[in-house]
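The lines below spell out each chain.
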Amino acid sequence: MSIKAVLVPYPVDRAYDYGVPEGMDLEDGDYVIAPLGLRNVPGVVWGGAGADKVPSNKLKPVYAKYDLPPMPEAQRKFLDWAAHYTMTDLGAFLKLSLSVPFALEPPREIKAYRIAKNVKMEEGHSLSPSARRVMDIASDGLARIQAELAREAGCGTSVVKTLAEKGLLEQVSLQEPPPCRRPDPDRHGPSLSPAQDKAAKHLIDCVAQDKFCASLLDGVTGSGKTEVYFEAAAAALREGKQALILLPEIALSNAFLSRFKDRFGCAPALWHSSLSDHQRKVTWRGVASGESRVVVGARSALFLPYRDLGLIVVDEEHDPAYKQDEGVIYHARDMAVVRAHMGKIPVVLVSATPSLETMQNVWLEKYAHLHLPDRHGGAGLPDIHLIDLKKDKPDRNHFIAPVLKMAMEQTIDAGGQVLLFLNRRGYAPLTLCRNCGHRFECPRCTAWLIEHRKTHRLHCHHCGHEEKIPPNCPKCGEADSLVACGPGVERILEETKEYFPDARVAILSSDTADTHDKLKSMLDDIR
């Protein structure tokens, strides 16, 4: 019996030796089921078999092999390097790649309907108008699920069911297709400016060279950086490779997804924490099989087992959201550069305000610098005015300065929209007693407790502690002495409604948009 080393997605520092049963052909990277203690767990065949120095007749055998393409060598090298660099157990990094273990199982089959064999509509079947529309649509021979066929025909699903009972439609089983199977790289995009065209050609050349190269795509907001790296993604697709686009906050990318669909004719495969388990399973299998061609995701998307990755784009590379500081600790921007180096592919870092680390690599000529100096279409940058609140004082117990109030009034009267940005959730950042000066702080981390009028509670935004707002001061016992100090977004909302009672006002924060669907709905309303 031959021996193979198998790495399991648990906090272990190395792969363990297993026996390979007769008739099972295993190679490095294969996904398998192997016994671990009293359980059978998923794993990946790793290199370095024989390190355990255990006789083959005493080794536990691999239980089964999954029907999936093996994990590429570049991915396995990347996980090895990342574990060593961050001093993390290798199995913990493998868990990032096998974050959806049930995705290893074959996808569920879907019931679909297509026109039955030997059925010819010219034979004069007596059909209702809705049934005839269904048959006309099904006449192309393609299988469709019941709801899709009924929707295209503009009728109820019962019509489809009746046609199947009559033998005019036959039921077939399909597997759910992975997302982004057929993006069109040759679909016409917007015209590029000379600076954009020069940057795009550089990135396209990098893709064609089939070797590692790192580039910083640096340009002011609105300069068209996205359209430039879309051209690089199109070049990777023409080469038959996959592309990965990392975004710091995937939930804020609805406008980006619309631009992607306009450019490539289909939505990308998504990977972020708001996806359902089923969506993650379908996407994971699409990535591992190579059928999902473009992935747009948050930082964890970097660790998916891409079959043939040809380009990595890190948008807003300066954003601190790329830092993972819980569990397995890593910086996705830096890891993206390493992954590209391991796979001998290009990586593009994109930002209007590049990080100092990236600029240092540009100055050392480790990264190419692609600069877009102007906004696309000749658009100008916005005017910026500073307001001195000592000179332009707001009304008592208010926080919007008179000059700002006037500018808001003019904008609303002109039919425009106003965005008031304040990086403070809740109603007020501090609550104190006006009698004794007691300040409410978190008992666990000593941060100030923040009042939320929505929940009528005091919250700590650091550790999550919360408590009721007491009727009396807990220090001096004085009643009705607690006062909210300073503005949060809820307080600014209250003030805005007071000044502009007829305006449509909304708060956009993690308190009001706590799911991807809620956020998408709010962004659609704003748009």
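Now for a quick tour of the structure. These numbers come from a predicted model, not from an experiment.

### Some points on a nonpolar patch on the surface
Where nonpolar side chains cluster on the molecular surface, the patch consists of Ile387, Leu389 and Val403 and spans about 240 Å² of accessible area. Locating Leu389 in the fold gives a position in the loop between β17 (368-372) and α12 (402-413).

### Thoughts on helix α13 (residues 489-499)
Most of α13 sits inside the fold, with eight of its eleven residues counted as buried. Among all positions of α13, only Val489, Glu490, Arg491, Ile492, Leu493, Glu495, Thr496 and Tyr499 are buried. Each element contacted by the buried residues of α13 is listed here: α12, β19 (450-452) and β22 (482-485).

### Structural notes on the sheet that holds strand β7 (residues 144-145)
Here we have three strands laid out as an open sheet, ordered β7-β6-β8, and antiparallel in their pairing. Sheet topology places β7 and β8 (169-175) at the edges, where each strand pairs with a single neighbour. For strand β6 (residues 109-115) and β7, the ladder comprises two bridges, and the chain directions are antiparallel. By the bridge assignment, Tyr113 is partnered in β7 with Arg144.

### Quick look at the pairing of strand β2 (residues 16-20)
Consecutive side chains of a regular strand alternate in pointing toward one face of the sheet and then the other. In terms of burial, β2 is a largely internal element, four of the five residues being buried. Here strand β1 (residues 2-7) pairs with β2 via five bridges, running antiparallel. Bridge pairing links Ile3 to Gly19 in β2.

### Here's the deal with the nonpolar core
Grouped together as the largest cluster of nonpolar side chains are 91 residues, with contacts concentrated most on Trp284 and Ile312. Excluding anything up to four places from it in sequence, Ile312 contacts Leu244, Leu302, Ala336, Arg339, Ala340, Ile345, Pro346, Val347 and Val348. Counting residues in each nonpolar core, the second largest holds 19 residues, with Ala131, Ile137, Val160 and Leu169 among its members.

### Considerations on the packing of helix α3 (residues 129-138) against helix α5 (residues 157-165)
Between α3 and α5, the least distance of the axes is 10 Å, while the angle of their chain directions is 75°. By the criterion of interaxial angle, the relationship of α3 to α5 is roughly perpendicular. Residue-level inspection shows Ser130, Ala131, Val134 and Met135 of α3 in contact with α5, the latter providing Val159, Val160 and Leu163. Here the contact of α3 with α5 is built from residues that sort into six nonpolar, one polar and no charged.

### Brief notes about the sheet that holds β17
Whether parallel or antiparallel, the strands of a sheet pair through hydrogen bonds between backbone atoms. On the basis of which strands lie adjacent, the open sheet formed by seven strands has the order β11-β12-β10-β13-β16-β9-β17 and parallel pairing. Each edge of the open sheet carries a strand with a single partner, namely β11 (269-271) and β17. Strand after strand, the sheet turns through a mean of 20° between neighbouring axes, direction not considered. Pairing geometry for strand β9 (residues 213-219) and β17, over five bridges, is parallel. The partner of Leu216 across the bridge, within β17, is His369. Along the sheet, helix α9 (residues 277-289) contacts β10 (242-246), β11 and β12 (294-297); its crossing angle with β11, the most-contacted strand, is approximately 115°.

### Side note on unusual backbone geometry
Despite not being glycine, Thr446 has its phi angle at roughly 60°, a positive value. Inspection of the secondary structure puts Thr446 in the loop between β18 (430-433) and β19. Residue Asp480 is not a glycine yet carries a positive backbone phi of 55°. Looking at where Asp480 falls in the secondary structure, it is placed in the loop between β21 (466-468) and β22. Classification of Asp480 by relative accessible area gives exposed; the value is 69%.

Reading the values: the criteria
- Residues numbered from 1 in each chain as written.
- Predicted model: local features only at pLDDT ≥ 70, side-chain atom pairs only at ≥ 80, totals over all residues.
- Heavy atoms only, no water.
- Patch = residues over 30% accessible without salt bridge, like charges linked within 9 Å, V, L, I, M, F, W, Y side chains within 5 Å.
- Areas by Shrake-Rupley, 256 points an atom, 1.4 Å probe, with all protein chains shown as cover.
- Salt bridge = Lys/Arg side-chain N within 4 Å of Asp/Glu carboxyl O.
- Helix = DSSP H or I, 4+ residues; strand = E, 2+ residues; numbered from the N terminus.
- Buried < 20%, exposed > 50% of the residue type's maximum accessible area, 1.4 Å probe, protein only.
- Contact = heavy atoms within 4.5 Å.
- Pairing = 2+ DSSP bridges.
- Core = buried A, V, L, I, M, F, W, Y, C linked by side-chain atoms within 4.5 Å.
- Axes fitted to C-alpha atoms, helices over the stretch in contact; angles between N-to-C directions.
- Parallel < 35°, antiparallel > 145°, perpendicular 65-115°, else oblique.
- Nonpolar A, V, L, I, M, F, W, Y, C, P; charged D, E, K, R; others polar.

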